[in-house]
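# Coordinate inspection notes
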2 protein chains.
Amino acid sequence: MAGTDRTREQPEGGPAIVLVEPQLGENIGTAARAMANFGLDDLRLVAPRDGWPSMSAVRAASGADRVVDGARVFATTEEAIADLQFVLATTARTRDMAKPVMSVAEAARELRAREAAGERTGVLFGREKAGLKNDDVVLAHAIVMAPVSPAFASLNLAQAVLLVGYEWYKPVATTFGDPAFGPAPVTRTGPRIPGTRTATSEEVLNFFRRLEQALDEAGFLYPPEKRPAMVRSIRNIFQRANLTEQDVRTLHGIVSALIATGGACRRGEGGDR
Amino acid sequence: MAGTDRTREQPEGGPAIVLVEPQLGENIGTAARAMANFGLDDLRLVAPRDGWPSMSAVRAASGADRVVDGARVFATTEEAIADLQFVLATTARTRDMAKPVMSVAEAARELRAREAAGERTGVLFGREKAGLKNDDVVLAHAIVMAPVSPAFASLNLAQAVLLVGYEWYKPVATTFGDPAFGPAPVTRTGPRIPGTRTATSEEVLNFFRRLEQALDEAGFLYPPEKRPAMVRSIRNIFQRANLTEQDVRTLHGIVSALIATGGACRRGEGGDR
């Protein structure tokens with residue numbers, strides 16, 4: 001218990017750790033502990049199976065109370081990441097998704113660069129056995145994979161969080177004068193767009209929902225059994241673009257304009273912008 | 001259980017993991033599991049408190065049987081490291097010892113270089129709470145410290161093993177052709193997407209022209225003096241996505257569908273919203 005209250009003296013912020021449908025309180029606790037090891041404290045839980053708060057989580061956290069106490073619970077992944085501007089999904093294998101794949105080290109560099117630029121970031125972790133569902137992965141801007149042996153590739157939840165936290169914290173440790181950890185270069189793989197801010201997940205998701213509703217009305221997302229895959233592939237195109245808030249407004253305008261083009265017959269004029 | 005027997009197909013050797021006076025079988029099991037994750041299989045136990053073999057170790061190893069089964073027990077640390085040529089000691093804090101202090105990453109580099117040169121290496125991990133005794137640390141050639149937050153610095157045994165294994169395995173993964181873990185590019189402007197081909201400029205430009213024509217008809221790219229900047233910003237959104245040939249076809253379909261949706265309003269259905 002003692003010791004945890006200094007966590008905030010570490011560099012502020014850091015990525016949110018989003019555990020999607022975690023099953024055992026114990027695993028949430030050990031994940032919280034791994035976060036505390038590396039100065040992370042924004043823990044978000046999506047529909048934890050055994051409810052929240054959890055005594056077994058508190059016990060397993062062995063003193064990382066601050067992280068456990070501050071955890072927030074959300075009903076859906078979309079709600080959990082609504083305020084985030086850059087989201088990574090951890091997976092054990094490459095999915096057939098049109099998304100960049102990063103190592104943990106690359107992911108940490110990207111997260112640091114974006115946090116340094118004032119963006120809000122987060123990392124999704126799936127259920128203990130099954131990992132993230134495709135519908136969760138699709139919400140992310142990129143996939144993170146750890147380099148584990150193909151002969152024994154299963155990392156438990158806390159271990160996956162530990163590796164992300166470790167790589168995140170490595171360059172921070174330098175600034176605290178630890179001689180053991182030389183500087184790591186901060187590079188950023190995504191685009192940096194002057195004068196704009198990256199869109200939040202909520203803004204992007206609102207656009208997706210609006211677009212998908214229009215496409216449903218057009219009969220484009222048909223037949224129903226193919227709809228989920230079609231929606232994922234469309235979302236992936238736009239997620240890769242790392243949309244800014246201005247981009248999202250432009251895209252809304254484009255959708256309105258295209259719909260109006262078809263409807264111009266009736267109203268005889270252009271759409272909104 | 002299946003899967004562990006391929007461990008030895010991974011690069012041979014690797015440092016011995018020496019657990020000095022581990023207390024709980026469960027911690028030995030989770031440490032063994034962390035070893036298997038990173039292709040390590042030489043587990044050595046110095047005077048495990050609860051004896052050996054241990055059913056709780058087997059259970060906690062969740063399938064890393066080969067590592068647990070192959071573990072060797074020694075009475076003293078000196079015996080455990082007798083055949084090793086280079087030994088590192090993990091500690092949570094710098095001791096007052098005239099020894100080099102390495103980060104986990106530096107330690108992994110050193111271990112790799114020595115293993116490559118034919119030396120036998122090992123890493124010492126202390127008891128769960130107390131860590132290594134000074135008499136054990138003194139046997140090592142250097143000290144390894146993980147960069148943990150001073151606010152919450154306790155790593156459990158398996159986590160410490162995990163970090164060492166992770167850094168050890170990182171460059172190995174590269175040589176096994178995992179696309180996710182190549183040498184990190186200094187800058188990467190676009191995503192690497194498995195199983196698709198990037199669209200040609202011609203394909204992308206055809207889409208742009210078609211979209212812009214539709215937006216002209218909708219009066220969206222207005223007034224004329226602002227049109228060039230608007231076109232550029234729209235093109236930028238899609239260019240950042242590094243479109244594949246399939247993406248371009250999907251986008252054409254979306255434009256057609258949205259225009260058709262608008263057309264439906266003529267027939268009495270809803271317009272945009």
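Refer to the structure printed above.
So, here's what we can say about the structure. A quick note: this is a predicted structure, and the numbers were derived from the prediction, not measured.

Bringing helix H9 (residues 227-240) of chain A into the picture now. Residues and elements named next belong to chain A. Along its 14 residues, H9 runs 20 Å from first to last C-alpha, staying within 8% of the 20 Å computed at 1.5 Å per residue. Looking only at H9, the buried set comprises Val-231, Arg-232, Ile-234, Arg-235, Asn-236, Ile-237, Phe-238, Gln-239 and Arg-240. Positioned one or two residues after H9, Asn-242 has a phi angle of 50°, which is positive.

Let's shift gears to the nonpolar core. The biggest cluster of nonpolar side chains holds 81 residues, and the ones touching the most others in it are Leu-19 and Leu-43 of chain A together with Leu-19 and Leu-43 of chain B. Those residues in contact with Leu-19 of chain A that lie beyond four places of it in its chain are Ile-28, Ala-31, Leu-43, Arg-44, Leu-45, Val-46, Phe-125, Leu-157 and Val-161 of chain A. Counting 65 residues, the second-largest nonpolar core is a separate cluster that includes Val-46 and Phe-207 of chain A together with Val-231 and Ile-254 of chain B.

The next point concerns the sheet that holds strand S1 (residues 16-20) of chain A. Residues and elements named next belong to chain A. Judged by pairing direction, the sheet is parallel, and its seven strands sit side by side in the order S3-S2-S1-S6-S4-S7-S5 without closing on themselves. Strand pairing shows two members of the sheet lacking a second neighbour, strand S3 (72-74) and strand S5 (101-103), which therefore form its edges. Ignoring strand direction, the axes of neighbouring strands in this sheet form an average angle of 30°. Pairing analysis gives four bridges linking S1 to strand S2 (residues 43-46), with the strands arranged parallel. For Leu-19, the partnering residue across the bridge sits in S2 and is Leu-45. Strand contacts of helix H5 (residues 104-116): strand S4 (86-90), S5, strand S6 (121-125) and strand S7 (142-145), with the helix running at about 95° to S5, the strand carrying the most contacts.

Before going further, it helps to spend a moment on the environment of Phe-152 of chain A. All names here are of chain A. Inspection of the secondary structure puts Phe-152 in the loop between S7 and helix H7 (157-175). Phe-152 sits in the buried class, given a relative accessible area of 7%. Counting along the chain gives 80 residues from Phe-152 to Arg-232, while the straight-line C-alpha distance between them is 30 Å.

Moving on, we get to the environment of Leu-84 of chain A. Residues and elements named next belong to chain A. Within the element layout of this structure, Leu-84 appears in the loop between helix H4 (77-80) and S4. Each C-alpha atom, one on Leu-84 and one on Pro-15, is 9.2 Å from the other, the two residues being 69 residues apart in sequence. With residues up to four places along the chain from it excluded, the contact list for Leu-84 reads Ala-16, Arg-44, Arg-120, Thr-121, Gly-122, Ala-199, Thr-200 and Ser-201.

The next point concerns the pattern of salt bridges. All told, the structure shown has 35 salt bridges over all chains when counted by the stated rule. A salt bridge links Glu-167 of chain A to Lys-170 of chain B; its shortest N-O distance comes to 2.7 Å. In this pair, Glu-167 of chain A is assigned in helix H7 and Lys-170 of chain B in helix H7 (residues 157-175), connecting two distinct chains. In this structure, a network of salt bridges that share partners links the residues Asp-42, Arg-44, Arg-72, Asp-83 and Arg-120 of chain A.

In this section: unusual backbone geometry. Cis peptide bonds are those with omega within 30 degrees of zero, and the linkage from Tyr-222 of chain A to Pro-223 of chain A qualifies with 0°. As for its position among the elements, Pro-223 of chain A is in the loop between helix H8 (201-217) and H9. For the peptide bond that leads from Trp-52 of chain B to Pro-53 of chain B, omega is 0°, which places it in the cis range. With phi around 50°, Asn-242 of chain A is a residue other than glycine that occupies positive phi space. As for its position among the elements, Asn-242 of chain A is in the loop between H9 and helix H10 (245-267). Judged by relative accessible area, which is 9%, Asn-242 of chain A ranks as buried. Positive phi values are uncommon outside glycine, yet Ser-62 of chain B reaches one of about 35°.

Time to look at the sheet that holds strand S3 (residues 72-74) of chain B. All names here are of chain B. Reading across the sheet, the seven strands line up as S3-S2-S1-S6-S4-S7-S5 and stay open at both edges, with parallel pairing between neighbours. Among the strands making up the open sheet, the edge pair consists of S3 and strand S5 (101-103). Sheet twist, expressed as the mean angle between neighbouring strand axes with direction ignored, is 30°. Where helix H1 (residues 25-37) meets the sheet, it contacts strand S1 (16-20) and strand S2 (43-46), and its direction lies at approximately 155° from that of S2.

What counts, and at which threshold
- Residues numbered from 1 in each chain as written.
- Chains lettered and ligands numbered in written order.
- Predicted model: local features only at pLDDT ≥ 70, side-chain atom pairs only at ≥ 80, totals over all residues.
- Heavy atoms only, no water.
- Helix = DSSP H or I, 4+ residues; strand = E, 2+ residues; numbered from the N terminus.
- Expected span 1.5 Å × (residues − 1).
- Buried < 20%, exposed > 50% of the residue type's maximum accessible area, 1.4 Å probe, protein only.
- Core = buried A, V, L, I, M, F, W, Y, C linked by side-chain atoms within 4.5 Å.
- Contact = heavy atoms within 4.5 Å.
- Pairing = 2+ DSSP bridges.
- Axes fitted to C-alpha atoms, helices over the stretch in contact; angles between N-to-C directions.
- Salt bridge = Lys/Arg side-chain N within 4 Å of Asp/Glu carboxyl O.

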